[in-house]
Amino acid sequence: MADEATRRAVSQIPLLKTHAGPRDRDLWPQRLKEEYQALIRFVQQNKEADNDWFRLESNSEGTLWTGTCWYIHELLRYEFRLEFDIPVTYPETAPEIAVPELDGKTAKMYRGGKICLTEHFKPLWARNVPKFGLAHLMALGLGPWLAVEIPDLISKGLVVHKEQQSEPTAE
């Protein structure tokens, strides 16, 4: 499924230990701490490899996450807003990442801009509950999705770089 570089990067993300979701008032703070530690480690290793590609932040309860992700294509940076809620059945159920501005531009997306991860990522997540967390969702879910979909959307003219959007057309 994943190439060797992805396997190596994912193997460096700490595995989570606490089996708790947002409804578990006693254990959720510990799970959230583990999530942050894994995300921080993943971002650090991405920066060390000159592969920084997302920013995330959550509400105070850790149940709503927002941020940005970007993809570099032909030396141009394409940036997108992202968001997701932590499902009440988390960690058994993986969050559904939405990239709202791409809604309706690809078949590999559900209504509301939620990216399709059912074929490849969801079975992997299910086999690794509760060890996988949000850093794994980014590394094995959103990252590969962006790598496949964004170049395709650019080639079809469905995603245009912001500098090219404002250029007047010559007639």
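In the block above lies the structure referred to throughout.
For the structure given in this document, a descriptive report is provided here. Computed from a predicted structure; not experimentally measured. (Residues numbered from 1 in each chain as written. Predicted model: local features only at pLDDT ≥ 70, side-chain atom pairs only at ≥ 80, totals over all residues. Heavy atoms only, no water.)

**Section: unusual backbone geometry**
- Residue Pro-91 is reached from Tyr-90 by a cis peptide bond, and omega for that bond is 5°.
- As for its placement among the helices and strands, Pro-91 is situated in the loop between β3 (76-85) and β4 (109-110).
- For the bond running from Val-129 to Pro-130, omega is 0°, close enough to zero to count as cis.
- Within the secondary structure, Pro-130 is located in the loop between α3 (121-127) and α4 (134-155). (Helix = DSSP H or I, 4+ residues; strand = E, 2+ residues; numbered from the N terminus.)

**Quick notes on the layout of surface pockets**
- Here the largest pocket is characterised by a volume of approximately 610 Å³.
- As for the largest pocket, its lining consists of 22 residues, and the residues nearest its centre are Thr-6, Phe-42, Asn-46, Asn-51 and Trp-53.
- Secondary structure elements with two or more residues in the lining of the largest pocket: α1 (4-11), α2 (28-48), β2 (64-73) and α4.
- Partitioned by chemical class, the residues of the lining of the largest pocket number 13 nonpolar, six polar and three charged. (1 Å grid on protein atoms, 1.4 Å probe; cavity = no way out; pocket = protein on both sides within 12 Å on 5 of 7 lines; lining within 4 Å. Points joined across faces, edges and corners; volume = space filled by probe spheres on them. Nonpolar A, V, L, I, M, F, W, Y, C, P; charged D, E, K, R; others polar.)

**Regarding the environment of Ile-150**
- Of note, Ile-150 is situated in helix α4.
- Remark: the alpha-carbon pair of Ile-150 and Leu-32, spanning 118 residues in sequence, is separated by 30 Å.
- Excluding its chain neighbours within four sequence positions, the residues that come into contact with Ile-150 are Tyr-71, Phe-80, Leu-102 and Trp-145. (Contact = heavy atoms within 4.5 Å.)

**Describing the sheet that holds strand β1 (residues 54-58)**
- If you walk across this open sheet you meet the three strands as β1-β2-β3, and the pairing is antiparallel. One side of each edge strand has no neighbouring strand; the edge strands of this open sheet are β1 and β3. Looking at each pair of strands side by side, their axes are set apart by 15° on average, direction ignored.
- Those strands touched by α2 are β1 and β2, and its axis lies near 165° from that of β1.
- Lying over the sheet, α4 contacts β1, β2 and β3, oriented at roughly 45° with respect to β2. (Pairing = 2+ DSSP bridges. Axes fitted to C-alpha atoms, helices over the stretch in contact; angles between N-to-C directions.)

**Section: α2**
- Compared with the 30 Å implied by 1.5 Å per residue over 21 residues, the 30 Å span of α2 between its first and last C-alpha is a close match.
- Looking only at α2, the buried set comprises Trp-28, Arg-31, Leu-32, Glu-34, Glu-35, Ala-38, Leu-39, Phe-42, Val-43, Gln-45 and Asn-46. Looking straight down α2, one finds that the buried residues subtend no more than 165° of arc, so they occupy a single side.
- One or two residues past the end of α2 sits Asp-50, with phi positive at roughly 55°. (Expected span 1.5 Å × (residues − 1). Buried < 20%, exposed > 50% of the residue type's maximum accessible area, 1.4 Å probe, protein only. Arc of directions from axis to C-beta.)

**With respect to the pairing of β1**
- Relative to β2, β1 runs antiparallel, the two being bridged by five bridges. Across the sheet, residue Phe-54 finds its bridge partner in β2, namely Cys-69.
- Remark: five residues form the turn of the hairpin made by β1 and β2, two consecutive strands paired antiparallel; Gly-62 in that turn has positive phi of roughly 75°.

**Regarding the side chain of Thr-106**
- Within the secondary structure, Thr-106 is located in the loop between β3 and β4.
- A polar contact is formed between the side chain of Thr-106 and the side chain of Glu-149, at a distance of 2.6 Å.
- Setting aside chain neighbours within four positions, we find Thr-106 in contact with Trp-145, Glu-149 and Leu-153. (Polar contact = N/O pair within 3.5 Å; in protein donor to acceptor, adjacent residues only side chain to side chain.)

**Some words on empty space enclosed by the protein**
- A complete count under the given rule lists one cavity of 30 Å³ or more for this structure.
- Its volume calculated, the largest cavity comes out at about 40 Å³.
- Pro-95, Glu-96, Tyr-110, Ile-115, Cys-116, Leu-117, Thr-118 and Lys-122 are the residues that line the largest cavity.

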